[in-house]
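# Understanding the architecture of this molecule
Here is what each chain is made of, one letter per residue.
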Amino acid sequence: MTDETVHILMEYMRRFNARMDEFFSEQRDMKLRLSSIKHKMVNVHSDLTGMHGDVARIDLRLHHIDTRLARIEKRLDLTPA
């Protein structure tokens, strides 16, 4: 091989290495973003689980209030005939 051929090959190898470095850098950034999204999704899931429990407690309290109101209406004879 001539010196010029070696020089051209070396230049292509430098460009290839630069592109690979850029690719790996972008890949690291994407992994960090994905990890961040995963953590946020876990937090959202946790919040939704908490909200589900809150809704269940509210539903239970409303059921008890409805039961008590029905007894009060019956006791005061306020129920429709």
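Refer to the preceding data block for the structure.
Here is a short report on the structure shown in this document. (Residues numbered from 1 in each chain as written. Predicted model: local features only at pLDDT ≥ 70, side-chain atom pairs only at ≥ 80, totals over all residues. Heavy atoms only, no water.)

## Regarding the overall build of the chain
The cut-off we apply is this: Labels follow the DSSP assignment, with helices taken as runs of H or I lasting at least four residues and strands as runs of E lasting at least two, numbered in each case from the N terminus. With C-alpha atoms as the basis for the radius of gyration, the globule rule is written as 2.2 Å multiplied by the number of residues raised to the power 0.38. Only protein chains enter the area calculation, which uses a 1.4 Å probe; residues under 20% of their type maximum are buried, those over 50% are exposed, and those in between are partly exposed. Every accessible area reported is derived by Shrake-Rupley at a probe size of 1.4 Å, with residue values counting cover from the shown protein chains alone. Positive charges are assigned to Lys and Arg, negative charges to Asp and Glu, while His and the chain termini are left out of the count. Lysine's charge is taken at NZ, arginine's at CZ, aspartate's at CG and glutamate's at CD.
A tally of helices and strands in the chain yields one helix and zero strands. Computed over C-alpha atoms, the radius of gyration of the chain comes to 34 Å, more than 25% over the 12 Å expected from 2.2 N^0.38 for 81 residues, which places it beyond the range of a compact globule. Dimensions along the principal axes, computed over C-alpha positions, put the chain at roughly 110 × 20 × 10 Å. Counting all 81 residues of the chain, 1% fall into the buried class. As displayed, the chain offers around 8,200 Å² of accessible surface, 61% of which is attributable to carbon and sulfur atoms. The average position of the 14 basic charges and that of the 13 acidic charges among the side chains of the chain differ by 9 Å.

## Concerning helix 1 (residues 3-75)
Short version of the rule: A helix is expected to span 1.5 Å for every residue after the first.
Between its first and last C-alpha, helix 1 extends 107 Å over 73 residues, near the 108 Å set by a 1.5 Å rise per residue. Following helix 1 by one or two positions, D77 has its phi on the positive side, about 60 degrees.

## Quick look at the pattern of salt bridges
Filter applied, for reference: Any Lys or Arg side-chain nitrogen found within 4 Å of a carboxyl oxygen on Asp or Glu counts as a salt bridge.
Taken as a whole, this structure holds three salt bridges when the rule is applied. The salt bridge involving R15 is made with E11; its shortest N-O contact spans 3.4 Å. Taken together, the residues R15 and E11, both in helix 1 and four residues apart, mark about one turn of the helix. Judged by relative accessible area, which is 48%, R15 ranks as partly exposed.

## A few points about unusual backbone geometry
Phi is positive for D77, close to 60 degrees, though the residue is something other than glycine. One can find D77 in the segment after helix 1. Accessibility expressed as a relative area gives 63% for D77, which makes it exposed.

## Topic: a nonpolar patch on the surface
For clarity, the threshold we go by: Only residues above 30% relative accessible area that lack a salt bridge enter a patch, with like-charged residues linked at up to 9 Å and the nonpolar side chains Val, Leu, Ile, Met, Phe, Trp and Tyr linked at up to 5 Å.
Together, M1, V6, L9 and M10 make up a nonpolar patch on the protein surface, roughly 420 Å² of accessible area in all. By the element assignment, M10 lies in helix 1.

## Section: the environment of F24
With respect to the helices and strands, F24 occurs in helix 1. Overall, the relative accessible area of 37% leaves F24 in the partly exposed class. Once the C-alpha coordinates of F24 and H64 are considered, the two residues, 40 residues apart in sequence, prove to be 60 Å apart.

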